[in-house]
Amino acid sequence: MTNKRAIPLIAVMAMALATPAYAANDLTVPAVKEATVATPSAPQMPSTPSTPSVSSSSSSSSSGSSSSSSSSSNNNNGSSSSSSSTQANLNNRLVNVAGFDSAKQFTGYFINLKRAVANGNRDAVAKRVSYPLAVNQADGKRRSILNEKQFLNEYNSIMTSKVRNALANQNVNDVFINYRGVMVGNGELWIGVVGGKPGIYAVNQ
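These lines cover the structure that appears in this document, whether it is placed above or below.

The rules we used
Residues numbered from 1 in each chain as written. Predicted model: local features only at pLDDT ≥ 70, side-chain atom pairs only at ≥ 80, totals over all residues. Heavy atoms only, no water. Helix = DSSP H or I, 4+ residues; strand = E, 2+ residues; numbered from the N terminus. Buried < 20%, exposed > 50% of the residue type's maximum accessible area, 1.4 Å probe, protein only. Axes fitted to C-alpha atoms, helices over the stretch in contact; angles between N-to-C directions. Parallel < 35°, antiparallel > 145°, perpendicular 65-115°, else oblique. Left-handed = near helix turned anticlockwise from the far one by under 90°. Contact = heavy atoms within 4.5 Å. Nonpolar A, V, L, I, M, F, W, Y, C, P; charged D, E, K, R; others polar. Pairing = 2+ DSSP bridges.

1. Some points on the environment of Asn186
(1) Moving on: Mapping Asn186 onto the fold places it in the loop between β4 (181-184) and β5 (189-194).
(2) Moving on: For Asn186, a relative accessible area of 72% gives the class exposed.
(3) Moving on: For Asn186 and Ala166, which are 20 residues apart along the polypeptide, the C-alpha to C-alpha distance reads 7.7 Å.

Here it is, written out as structure tokens:
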């Protein structure tokens, strides 16, 4: 009886010994996938404004010239309306582009400046300058005129014959205008609104 009960017990123990034990390093751990981070797209640069087409204006001008040639009897009326349109455009640009309060503010200033330079009235010229005045010399050097006193002391070296002639030959109704102000001649003088009033702010010799 004792031998019969011992046999099954021995068999169980033998099976237990035959079964291998699992070590910690035998356990396979699934790899953790790295989180996928979306790469931000590159910022879009603003598009460059296209250059206005001149085809329509050129075609309109050509059609205008053909119509004017076909109706020569209206030339006088056409030229007067064209000149008034040009004057209106000039006035508009003086205010909305160059920043003058009105066209008269510039024209009155310009006429008085021109008269003062022609008459050699240095004090009157000095009062129509915005300081500091930038003077770009012909040799490429640049200097600043800080006040009226310095301007009067260096008047001849600033208001050279080239600068005076450019002003004398400039028609008030035929000036170049942009956001920087009004250009006289080929850039010998630049006039703009500084501190709420017009003045020469740059001289190019």
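We are not done yet, so read on.
2. With respect to the packing of helix α4 (residues 103-118) against helix α8 (residues 161-168)
(1) Moving on: Running from N to C, α4 and α8 cross one another at 135°; their axes reach a closest spacing of 10 Å. Considering the angle they form, α4 stands oblique to α8. In this structure, α4 crosses over α8, and the sense of that crossing is left-handed. Contact residues: α4 offers Phe110, Leu113, Lys114 and Val117, while α8 offers Arg164, Leu167 and Ala168.
(2) Moving on: When grouped by side-chain class, the residues that make up the contact of α4 with α8 number five nonpolar, no polar and two charged.

3. Some words on unusual backbone geometry
Among all residues except glycine, the phi angle is most often negative; among peptide bonds, the trans geometry is most common.
(1) Moving on: Omega for the bond connecting Tyr131 with Pro132 falls within 30 degrees of zero, at 0°, which places this linkage in the cis form.
(2) Moving on: With respect to the helices and strands, the residue Pro132 is situated in strand β1 (residues 129-136).

4. Here we look at the sheet that holds strand β2 (residues 142-145)
Strand-to-strand pairing in sheets goes through backbone hydrogen bonds, with the strands running parallel or antiparallel.
(1) Moving on: Spatial ordering of the open sheet is given by β2-β1-β6-β5-β4-β3, a layout of six strands whose pairing is mixed. The open sheet terminates on both sides in strands that have one partner only, identified here as β2 and β3 (176-178). The sheet shows a mean angle of 20° between the axes of neighbouring strands, direction not considered.
(2) Moving on: For β3 and β4, the ladder comprises three bridges, and the chain directions are antiparallel.

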